[in-house]
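Results of the structural survey
Single-letter residue listing:
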Amino acid sequence: MSLDPVVLSRLQFAWVIAFHFLLPAFTVGLASFIAVLEGLHLATGREIYFRISTFWIKIFAVSFGMGVVSGIVMPFQIGTNWSRFSDAAADVISPLLAYEGLTAFFLEAAFLGVLLFGRNLVPRWAHFVAALMVALGTLFSTFWILATNSWMQTPAGYEIVNGRFLPKDWLQVIFNPSFPYRLAHTVDAVYITTGFVVIGVAASYLRSGRFVDEARTMLSMTLWLLTVLVPLQFFLGDAHGLNTLEHQPAKLAAIEAIWDTHSRVALNLFAIPDEKAETNRYELAIPDLGSLILTHDPNGTVRGLKDWPADERPSPVIVPFFGFRIMVGIALVMLGVVVASLWLRSRGELFDARWFLWLCTLASPLGFVAVLAGWATTEVGRQPWTVYGLLRTADSVSPSLTGFDVAVSFAGYCIVYLVMFSAGFALMVRLIRLGPAEAAIEPDAIESGRPQHPVQALPSTGAGGRP
Amino acid sequence: MSQPVLDFVPIWTLILGVGVFLYVLLDGFDLGVGILYGFAPDRDSRNLVMNSIAPIWDGNETWLVLGGIALMAAFPLAFAIIIPAVYFPVLIMLLALIFRGVAFEFRYRDAEHRTFWDRAFNYGSILGAFAQGVVLGAFIQGFETEGRHFAGGSFDCFTPFSFLTGAALVFGYSLLGAGWLILKTEGALQDWARTLGRLSLGGVLIGIAAVSLWTPFLKAEIWERWFSWPHIAILAPVPVITALIAYWEWRSLNNRSEAAPFIAAVCLFAMSYLGIAISLWPMIVPYKFTLWEAASSEATQAFLLVGTLFLLPIILMYTGWSYWVFRGKVRGDLGYH
């Protein structure tokens with residue numbers, strides 16, 4: 001078997017970015033949640049918000065640290081493995097990435113230290129401002145990175161000179177056609193992901209009767225939020241889909257595994273796309289529904305994959321096809337959780353129905369699966385291009401790399417990420433088991449490197465209380 | 001390329017130059033602290049050593065990301081040639097930084113594997129520093145190019161010279177780390193940092209001397225730059241000033257001054273940095289492409305410059321504030337609470 005540097009570089013990129021993506025998918029939402037809790041604590045003075053916030057800050061610290069180190073890897077990937085892409089597209093995309101660094105990373109980094117270690121060193125309001133700045137930083141970061149990604153999906157505002165993309169209109173570059181939809185869809189997705197983790201943790205405390213007050217507050221607050229965000233996601237996703245139909249029709253054809261262009265397209269619930277035969281096997285479809293959903297018109301025409309030469313179709317089709325179905329399937333489960341919560345709330349049984357608490361616990365990792373499935377759908381759907389329709393993935397890879405080089409580096413990333421992510425995951429599970437009460441008793445010290453402290457008498461409550 | 005209306009290249013060179021230097025200093029001292037960490041006598045002192053950088057390392061490492069991206073934004077051709085050419089040193093650096101970075105939280109939370117995370121922190125810091133030194137060595141040696149691409153092999157960057165620069169940088173970062181620890185600690189631990197600082201200084205001086213003697217033999221261009229008249233007269237003060245700073249560093253490590261060892265180490269780095277800049281100017285891909293040839297379009301440089309000039313002072317302000325919050329000696333009994 002010969003090692004292909006292009007295929008291996010794609011796999012390596014997919015590996016490092018998939019793992020990296022899991023962390024912002026959690027920390028962007030969590031940062032906002034912590035800022036809200038700190039704000040509520042500041043406004044109401046209620047101790048419970050402080051306990052919940054302190055608890056989540058500890059989990060945030062572990063996941064944010066992992067997000068930082070796995071994030072440093074990303075810009076270097078573009079240089080090490082995709083140097084021809086860098087040479088061609090840097091003039092347009094690198095300022096966006098640089099603005100991510102300037103607006104987001106430093107904001108996060110500088111205020112994170114204060115958020116984690118500074119509760120007793122700065123006034124209460126300053127600690128809240130630090131939480132707010134960290135949350136704002138994560139959102140700025142989301143903005144710029146998605147602008148970059150969207151430009152690769154739906155490039156705009158550029159001209160091509162000697163094979164290189166040069167900027168013509170920065171507003172068009174940033175607010176390219178798919179960006180507003182992708183941004184809204186992704187931010188909602190990561191908030192929902194965090195929300196499901198929070199209700200899962202809260203539900204497992206309620207099931208075992210521990211930290212009941214904290215768990216009730218977390219569950220109730222977060223379910224109200226999800227009651228808005230989950231239905232909203234269906235509208236945002238639909239709008240993003242219409243945008244894809246307009247700007248990336250080949251991706252949409254792959255998502256739906258539609259081979260022939262026609263009107264009154266059926267909706268494939270299940271199929272095994274066969275790229276060689278250009279058809280689907282084991283198809284299970286509902287007539288006309290495809291056109292209705294995709295074009296909002298039962299007679300609408302949808303282009304099929306055969307409209308494009310074989311080397312301009314996303315491949316493997318199976319990834320966007322199933323990725324999309326997994327994502328939508330999870331969204332429906334999430335909608336079920338929200339509806340159930342409204343019904344239980346109206347009967348006053350939200351905190352007592354054991355089946356519902358189990359459901360919340362089991363659903364807690366679903367957001368991550370949906371986010372990864374959606375990401376795989378949109379990124380594989382962009383193939384075989386890095387800049388959609390203009391620069392091929394095969395022409396983007398660094399020419400000096402051999403398959404052996406990339407195999408070695410890929411193996412290195414695999415081993416290190418497996419060690420780091422499993423250790424990090426185990427630590428977060430342990431922190432969750434310890435729970436909020438324990439978290440509040442611990443002093444707010446520079447924690448890394450501190451030996452476990454004996455239990456202290458009282459939780460520290462802010463600027464005055466130096467334990 | 002059309003005639004530029006406004007030449008942004010000098011200002012971007014300055015921003016990138018200062019940015020990279022800031023990274024080298026900031027992550028340099030905390031990588032250095034990680035290198036010295038392995039020699040700390042007991043767990044209490046290890047805790048103090050790590051605590052001295054826990055709230056700030058993350059911000060320091062952010063300069064690495066910004067440096068990489070700023071190179072890509074301002075001089076994309078250099079980014080596209082240099083980064084693939086140092087494929088494996090970059091890989092080693094990134095993996096080392098991952099282990100080192102997560103060790104801060106994991107070591108504290110995961111008590112039964114504390115020894116493992118201690119080593120991850122220590123070895124990660126050493127390897128990360130060494131790999132950065134290899135990148136530096138490879139950069140001074142130059143790269144094989146074809147058109148706008150790197151045309152050599154991924155292992156070309158590993159040479160005796162780049163191993164020497166790698167080792168020299170490990171000592172250099174240790175010296176910065178020792179300077180930082182002298183600032184942040186007191187008593188026996190500070191004495192320990194002074195001892196290691198003296199050892200590191202020895203390594204640094206041998207490193208600087210060996211690299212300086214070797215470099216003019218690497219490339220005729222550098223020989224020419226250093227030893228032709230009148231260059232030799234203009235450049236002669238560089239080694240003299242460096243020697244004076246080294247003497248100052250040695251003295252301040254041995255007397256009771258607390259800030260001087262760190263400041264002198266920064267000056268040593270500044271002189272070495274200046275020496276490299278003088279030798280290679282105006283090349284950004286040494287011996288192949290100048291800063292102007294590798295520059296991105298004016299529209300790109302202008303667009304980013306507007307924001308950078310506005311945001312950089314703000315960043316420096318709040319970064320300064322976070323250092324201010326965690327000012328003073330790091331103490332064992334109370335930590336920072």
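About the criteria used
- Residues numbered from 1 in each chain as written.
- Chains lettered and ligands numbered in written order.
- Predicted model: local features only at pLDDT ≥ 70, side-chain atom pairs only at ≥ 80, totals over all residues.
- Helix = DSSP H or I, 4+ residues; strand = E, 2+ residues; numbered from the N terminus.
- Rg over C-alpha atoms; globule rule 2.2 N^0.38 Å.
- Contact = placed C-beta atoms within 7 Å.
- Buried ≥ 20, exposed ≤ 12 C-beta atoms within 10 Å, placed from the backbone.
- Nonpolar A, V, L, I, M, F, W, Y, C, P; charged D, E, K, R; others polar.
- Axes fitted to C-alpha atoms, helices over the stretch in contact; angles between N-to-C directions.
- Pairing = 2+ DSSP bridges.
- Expected span 1.5 Å × (residues − 1).
- Parallel < 35°, antiparallel > 145°, perpendicular 65-115°, else oblique.
- Left-handed = near helix turned anticlockwise from the far one by under 90°.
- Core = buried A, V, L, I, M, F, W, Y, C linked by C-beta atoms within 7 Å.
- pLDDT = per-residue confidence, 0-100.

Moving on: the overall build of chain A. When helices and strands are tallied, chain A shows 13 helices and eight strands. Rg of the C-alpha trace for chain A: 24 Å, near the compact-globule value of 23 Å for 467 residues, within the 12% margin. With the C-alpha coordinates aligned to their principal axes, the bounding extent of chain A is approximately 70 × 55 × 45 Å. A fraction of 74% describes how many contacts in chain A between residues 6 or more apart in sequence connect residues 24 or more apart.

It is worth spelling out the overall build of chain B at this point. The helix and strand inventory of chain B stands at 14 helices and four strands. Relative to the compact-globule value of 20 Å for 337 residues, chain B shows a C-alpha radius of gyration of 21 Å, a close match. With the C-alpha coordinates of chain B rotated into their principal frame, the extents come out at 65 × 40 × 35 Å. With 337 residues in all, chain B has 52% of them scored as buried.

Let us look at the interface of chain A and chain B. Facing the 66 residues of chain A at the interface are 67 residues of chain B. For the side of chain A that touches chain B, the secondary-structure elements that each account for two or more residues are helix H2 (47-80), helix H3 (83-117), strand S2 (164-167) and helix H13 (403-441) of chain A. With 21 residues, the single largest contributor to the side of chain A that touches chain B is H3(A). Classifying every residue of the side of chain A that touches chain B gives 38 nonpolar, 20 polar and eight charged.

What follows deals with unusual backbone geometry. Cis geometry is found at the peptide bond from Gln383(A) to Pro384(A), where omega equals 5°. Note that Pro384(A) resides in the loop between helix H12 (366-382) and strand S7 (385-387). Of the consecutive residues Trp281(B) and Pro282(B), the connecting peptide bond is found in the cis state with omega at 0°. Checked against the element boundaries, Pro282(B) lands in the loop between helix H12 (260-280) and strand S3 (283-285). Positive phi outside glycine occurs at Phe211(A), with the angle close to 45°.

Another aspect to go through is the packing of helix H8 (residues 187-218) of chain B against helix H9 (residues 220-227) of chain B. All names here are of chain B. Look at H8 against H9: their axes get within 5 Å of each other, and the N-to-C directions meet at 115°. Only Ile 222, Trp 223 and Trp 226 of H9 make contact with H8, whose side of the interface consists of Thr 215, Pro 216 and Leu 218. Taken together, the residues of the contact of H8 with H9 break down into five nonpolar, one polar and no charged.

To continue, consider the pairing of strand S1 (residues 158-161) of chain A. Residue and element names in this part refer to chain A. Pairing between S1 and S2: four bridges, direction antiparallel. Each bridged residue has a counterpart across the sheet, and for Val 161 the counterpart in S2 is Arg 164. Counted along the chain from S1 to the antiparallel partner S2, the turn is two residues long, and its residue Asn 162 has a positive phi close to 50°.

Further remarks concern the environment of Leu391(A). With respect to the secondary-structure elements, Leu391(A) resides in strand S8 (residues 391-392). Expressed as a C-alpha distance, the spacing of Leu391(A) and Ala135(A), which sit 256 residues apart in the sequence, is 35 Å.

This brings us to helix H7 (residues 160-184) of chain B. Between its first and last C-alpha atoms H7(B) spans 36 Å; for 25 residues at 1.5 Å apiece the expected length is 36 Å, and the two agree. The buried count for H7(B) comes to 21 of 25 residues, which makes it a mostly enclosed element.

Turning our attention to the packing of helix H1 (residues 5-44) of chain A against H12(A). Geometry of a packed helix pair, given as the angle between the helix axes and the separation of the axes. All names here are of chain A. The contact between H1 and H12 brings their axes to 10 Å, and the two run at 130°. Between H1 and H12, the angle falls in the class oblique. As H1 runs across H12, the sense of the crossing is right-handed. When H1 is examined against H12, the residues Ala 18, Phe 21, Leu 22 and Ala 25 are found in contact with a partner set consisting of Phe 368, Val 371, Leu 372 and Trp 375. Taken together, the residues that form the contact of H1 with H12 break down as eight nonpolar, no polar and no charged.

Here is a general trend for soluble globular proteins: nonpolar side chains tend to be buried in one another's company. Membership of the largest hydrophobic core comes to 252 residues, with the highest contact counts inside it found for Ile34(A), Ala202(A), Ala78(B), Ile82(B) and Leu94(B). It is H3(A) that provides the largest number of residues to this core, a total of 23 residues. With residues near it in sequence (within four places) discarded, Leu94(B) still touches Ile72(A), Val73(A) and Phe76(A).

On to the pairing of strand S4 (residues 267-274) of chain A, then. All names here are of chain A. Looking at chain direction, S4 and strand S5 (residues 279-286) are connected through six bridges and run antiparallel. What sits directly across from Asn 268, in S5, is Ala 285. Where S4 folds back onto S5 in an antiparallel hairpin, the turn is made up of four residues, including Glu 278, whose phi is positive at roughly 55°.

Here we take up the environment of Val49(B). All names here are of chain B. Tracing the backbone through its elements, the reader meets Val 49 in helix H2 (residues 43-51). For Val 49, a count of 27 C-beta atoms within 10 Å corresponds to the buried category. With twelve residues separating them in the primary sequence, Val 49 and Tyr 37 have C-alpha atoms 6.6 Å apart. Discounting chain neighbours no more than four positions away, the residues touching Val 49 are Val 33, Leu 36, Tyr 37, Ala 40 and Leu 181.

All names here are of chain B. The pLDDT averaged across chain B works out to 88; a share of 96% of its residues lies at or above 70. Across chain B, element-level confidence peaks in H7 with a mean pLDDT of 95 and bottoms out in helix H10 (residues 231-235) with 84. For the stretch residues 333-337, pLDDT sits under 50, and the model shows 15 contacts to residues farther than four places along the chain or on other chains.

Let's shift gears to helix H8 (residues 249-256) of chain A. Side chains that are three or four residues apart share a direction in an α-helix, a result of its 3.6 residues per turn. Residues and elements named next belong to chain A. A large share of H8 lies buried, amounting to seven of its eight residues. Within the span of H8, buried status applies to Ala 250, Lys 251, Leu 252, Ala 253, Ala 254, Ile 255 and Glu 256. Tucked inside the fold, the buried residues of H8 contact helix H7 (212-247), S4, helix H9 (289-295), helix H10 (318-346) and H12. Two residues or fewer past H8, Ala 257 is found with a positive phi of approximately 50°.

Bringing the environment of Leu335(A) into the picture now. Residues and elements named next belong to chain A. Counting through the fold element by element, Leu 335 comes out in helix H10. A sequence separation of 109 residues divides Leu 335 from Leu 226, and the C-alpha atoms of the two residues are 8.9 Å apart. Excluding residues that lie within four positions of it along the chain, Leu 335 makes contacts with Val 230 and Pro 231.

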